[in-house]
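Residue-level listing of the chains:
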Amino acid sequence: MLKRSRLLFAMLLLMAVQPVMADPPPILRQVPADYQLVIVVRSFVDLNAKAGAIAKALNKPDRLPADLAVLLAEQRGLNFDEVDRAKAVLILIPALPTEEQTEMKGALLLPMKDFKKFTTDNKMEAKGGQNIITAAGTPLVTSQVGDYALLADDVKIGEQIAKPAKPLLDALTAEQKELLGTAEVSVHVNFAPVFAVLRAKLEKELATPGEQNAMRAVMDLVAAVGKDTDAVDVGLVLGADGIELRGLLTAKDGSQMAKAFAGAAKGSGGLVTGVPLTNFLAVGGGIATLSPDSDFAQGLYGLSKKMLGAMTGDAESAGRLMELRQKLDKLITKASVAVTTGKADGKPGLPLGMVVVAQTSDGASAKAAARAYLKELSKMKLPTTSPDAAGFQYTEDAETVAGVKVDKMVGKIEALVPGLGDATAIMPKLFGEDQMVFRVAAKGQSLVIVLGGGTAAVEDALKAVDAKTDAESLPGVAKVKAHLVPDASFVVYIAVDRLVNTVFGVLASVAGITLPEFPKAEEPIAISGAVKDRSASGRLFVPISVMQATVKFIDSTKKEEPGGASGAAPKPPTF
């Protein structure tokens, strides 16, 4: 008996520390799998409780109605008294409007406590052989589907819902079911047709040939991913400690993308040790999940080359650059980027620095590959670059820092991007030097690339490589780790208060604009992603402390506006 009770206790403890796994709403079995957009509110009871708790934590309890279903009811002009708030509500869009079909048809699936009373409350009428409820001036064909009420713009939708050829619930993968079952609000997107409609609309609205060329190159890149994409799902998860935005891209079974995902390197944590973290604004990185040799990656390299050629007008140089990039990528096993500021007294301050630290299979070869890539990059010019500008100048072994030979790539910003005028005077404050300077060094198996901060930033980076500094030691990281994607391939942490106050400092220096100091946030925002089987998943977690700091900042700006509550003048950020 004692052993059984211990086993039961152990099982209960395990359940307590594991995330709750909810099944997707069964009503998804009535939704056709080819519908382009499906929006799911899993339960207004849960949504009301969790949204209300967050509003209370932000000291804004009156900003949200006690029942968020009221917002939907008011929008549609319906009486929701008989809607069962504990069950899922669905908004269905069979197809987005196109040039040929300009009207968008949609439907609501509402769980009922009493369908007959719902139809009475909403004054259902019989017209033309159909039962009609008029909502916000629009006649909606109304029918009962199990314990749900269907309100549709078109009678055909009712026919599809009554007997779908292929139910969406049966077409979902395990990862999609998890997201749709866990999120308080989620959106399922049938990617290919939705992207085709949006692309057509966007291209029609582009103004100039330059805009069209650049945007089409970007669209081609998205389309290359899109042709292998089955669906995209996005979900909002509300918790006592913050808000998660979850995303899931699912590749078509058997596609090149699915094969690349299945064969991709898997890893946890994502960040490289040895990244300088003093006064960090943001730090992120991870393993190179897709092999550069995979067919899918090769396709992306080809499209990146096309996009770069369209943007610079130099297709030949773009081709050489991407070939060199592939050689470098094959040598990098894992990489991280840190954005930091210059002061080390606990307060963010200029100059800015960006440091890339990559773990490689061969440090010397990686430096040679990086050198070749950056030399080629230094020759390229943007269409805005002054015709007589020299661009970047690359010098091998230009300096020695802490006993390590360092390459330099130097370019004057006013030559690279003319027309900035007085704004170029901020360069020494921003980067610690009066020009754009990239420095490249290799130590052991680590490749280090530094922008800004001078040789001191390089020395700090090399010291961090030796010390193997770990982002796990950053303040607040331990509290947000539970919200990373399992087995994350990459991780990004953003210190919002430091980042915002640094931007304010730049605004003060460049434009003389002063803003109140952004309050301290105890935890960073966490972003993570991973690949698994035929899907790629991502999460953005915003801690409640960041939300509280944001609300405090917004309130302080209102008080300090002329004629506000305090009438106080905005105080500049401290540097």
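In this text, all values refer to a predicted model and were calculated from it rather than measured experimentally. (Residues numbered from 1 in each chain as written. Predicted model: local features only at pLDDT ≥ 70, side-chain atom pairs only at ≥ 80, totals over all residues. Heavy atoms only, no water.)

**Q** Looking at this model, I keep getting lost on helix α12 (residues 315-331). Mind explaining?
**A** The α-helix advances 3.6 residues per turn, and as a result positions three or four apart in sequence lie on the same side. With 17 residues, α12 extends 25 Å from end C-alpha to end C-alpha; this agrees with the ideal 24 Å at 1.5 Å per step. Contacts from the buried residues of α12 go to α11 (295-312), β12 (332-341), β13 (352-360), α13 (363-379) and β17 (446-451). (Helix = DSSP H or I, 4+ residues; strand = E, 2+ residues; numbered from the N terminus. Expected span 1.5 Å × (residues − 1). Contact = heavy atoms within 4.5 Å.)

**Q** Looking at this structure, how should I read the confidence of the model for the protein chain?
**A** Close reading of the predicted structure is inappropriate where its pLDDT is low. In this model, the protein chain carries a mean pLDDT of 83, and residues with pLDDT of at least 70 account for 83%. Across the protein chain, the element-wise mean pLDDT spans from 37 in helix α1 (residues 2-17) up to 97 in strand β1 (residues 37-41). Predicted confidence is poor over residues 1-21, with pLDDT under 50, and the contacts of this stretch with residues over four places away or in other chains come to 2 contacts. A low-confidence stretch, residues 562-575 stays under pLDDT 50, and its non-local contacts, those more than four residues away or across chains, total 33 contacts. (pLDDT = per-residue confidence, 0-100.)

**Q** Please clarify how the packing of aromatic side chains should be interpreted in this entry.
**A** When we look at a pair of aromatic rings, we describe it by the centre distance and by the angle of the planes. Within this structure, the stated rule accounts for 4 aromatic pairs. When the centroid spacing of 6.1 Å and the interplanar angle of 65° are considered together, the rings of F392 and F438 count as edge-to-face. Residue F392 is found in the loop between α13 and β14 (393-401), and its partner F438 is found in strand β16 (residues 436-443); the two are separated by 46 residues along the sequence. Take F392: its relative accessible area is 16%, and that puts it in the buried class. Taking 5.4 Å as the distance between ring centres and 40° as the angle between the ring planes, the aromatic pair formed by F518 and F553 counts as tilted. (Phe/Tyr/Trp six-rings, centres within 6.5 Å; stacked < 30°, edge-to-face > 60°. Buried < 20%, exposed > 50% of the residue type's maximum accessible area, 1.4 Å probe, protein only.)

**Q** Looking at this model, I keep getting lost on the packing of α12 against α13. Mind explaining?
**A** Helix-helix packing is characterised by the crossing angle of the two axes and by the distance between the axes. Their axes nearest at 9 Å, the elements α12 and α13 cross at an angle of 160°. Taken together, the axes of α12 and α13 lie roughly antiparallel to each other. Like other packed secondary-structure pairs, α12 and α13 cross with a definite hand, here left-handed. Residue-level inspection shows S317, R320, L321, L324, R325, L328 and L331 of α12 in contact with α13, the latter providing S365, A366, A369, A370, A372, Y373, E376 and L377. Within the contact of α12 with α13, the residues separate by chemical class into 10 nonpolar, 2 polar and 3 charged. (Axes fitted to C-alpha atoms, helices over the stretch in contact; angles between N-to-C directions. Parallel < 35°, antiparallel > 145°, perpendicular 65-115°, else oblique. Left-handed = near helix turned anticlockwise from the far one by under 90°. Nonpolar A, V, L, I, M, F, W, Y, C, P; charged D, E, K, R; others polar.)

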